[in-house]
Amino acid sequence: MPADFDLPEAERFALPPATSLAIVGNAPEIGASAREIDEADCVVRFNNAEGFGGRTGSRVTHLALVNRGGQMREWLADRAFLERPAVRAAQAFILPFPLLPAEENGPEPICWTREALALLRPTGRPIHILPEDLHERGRRLLAPRTAGRPNPSTGFLVTLALLNDRPLEAAPAQAYGFGFAGWPGHPWAAERAWFAEAQAAGRVRLHPLAD
C-alpha cells in the first residue's frame with residue numbers, strides 16, 4: 001500500500017515478493033474454498049467476513065472494515081464487536097476511507113474513522129488507512145467504464161491497494177467471493193471489467209462463484 005497515509009496511526013503495509021495472497025469477498029455464493037484460502041500467506045477479508053470459520057477458512061491476516069456509513073455505526077454500538085471471531089483472529093485492520101474533516105462530516109455524520117481508531121487501537125494491532133490519492137486513482141480507472149463520478153467499492157479499493165506495491169513477477173492474487181453486486185451506488189460492471197483486465201494481465205485470478 002502507498003506510504004502517504006493521512007493519519008500518524010496508520011502504518012505502511014507491503015507484502016514480500018513471494019507472498020501468496022488470498023482476497024476473500026463476501027458474495028453469498030462464494031462456495032467452499034477453505035483449504036485454498038487458509039494456505040495463503042496473506043488472507044484479506046472484508047467487514048462481516050462471509051463464511052469465516054467454515055466454508056471460507058479460519059485465517060485472516062488483514063480485515064478491512066468500512067469506516068463510513070451505517071455499518072460502522074452499528075459496529076461501534078455493539079459492545080461485543082471486538083469479540084467477533086474474525087475480528088479476534090485478524091492480525092491487522094484496513095480502514096478503506098481517509099478521515100473526513102469535521103466541517104465535511106455533517107450535518108449527519110458519515111465518517112467514523114476517529115471512532116474506529118479509538119475502538120481498534122487497544123488491540124495493539126496495525127491499522128492501515130487508504131489515502132485519498134488511491135481513491136482518486138480508482139475513480140480514474142473506473143471512469144471510462146461508467147457514467148458520472150465512480151464511487152468504488154471497498155473490495156475494489158483494497159484490491160487496488162494490495163496490487164500497488166506487488167511486483168509484476170509475483171504470483172497472481174487469488175480473489176474469492178467477488179460477486180460484483182450489492183449497494184447500487186457502486187459501479188459494479190466497471191469493477192468487473194477492471195478485474196477481468198487484471199486477470200488477463202496475470203495480476204489476479206478471479207475464482208468463479210458456486211452455482
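Keep in mind that this is a model prediction, so the values were computed, not measured.

(A) Spatial organisation of the environment of Glu-169. Counting through the fold element by element, Glu-169 comes out in the loop between helix 6 (154-164) and strand 6 (173-176). Given a relative accessible area of 68%, Glu-169 falls into the exposed group.

(B) Structural detail: the sheet that holds strand 1 (residues 21-24). The parallel open sheet is built from seven strands, whose spatial order is 5-4-3-2-1-6-7. Since the sheet does not close on itself, it has two edges, and those belong to strand 5 (127-129) and strand 7 (204-206), each with one partner. Averaged over all neighbouring strand pairs, the angle between strand axes comes to 20°, with direction disregarded. Note: strand 4 (residues 92-95) against strand 5, three bridges, orientation parallel. By the bridge assignment for strand 5, Leu-95 is matched with Ile-129.

(C) View of the environment of Thr-19. You can see Thr-19 is positioned in the segment before strand 1. Taking the C-alpha atoms as reference points, Thr-19 and Glu-115, separated by 96 residues in sequence, lie 32 Å from one another.

(D) The pattern of salt bridges, seen in detail. Per the counting criterion, the structure on display carries nine salt bridges. Note that Glu-50 is salt-bridged to Arg-55, the shortest N-O span being 2.6 Å. For Glu-132, the salt bridge is made with Arg-139, and the minimal N-O distance between the two is 2.4 Å. Using a relative accessible area of 39% as the deciding quantity, one classes Glu-132 as partly exposed. Residue Arg-139 is classed as buried on the basis of its relative accessible area, which comes to 10%. A single salt-bridge network, built from bridges that share partners, covers Arg-35, Glu-36 and Glu-39.

About the cut-offs
Residues numbered from 1 in each chain as written. Predicted model: local features only at pLDDT ≥ 70, side-chain atom pairs only at ≥ 80, totals over all residues. Heavy atoms only, no water. Helix = DSSP H or I, 4+ residues; strand = E, 2+ residues; numbered from the N terminus. Buried < 20%, exposed > 50% of the residue type's maximum accessible area, 1.4 Å probe, protein only. Pairing = 2+ DSSP bridges. Axes fitted to C-alpha atoms, helices over the stretch in contact; angles between N-to-C directions. Salt bridge = Lys/Arg side-chain N within 4 Å of Asp/Glu carboxyl O.

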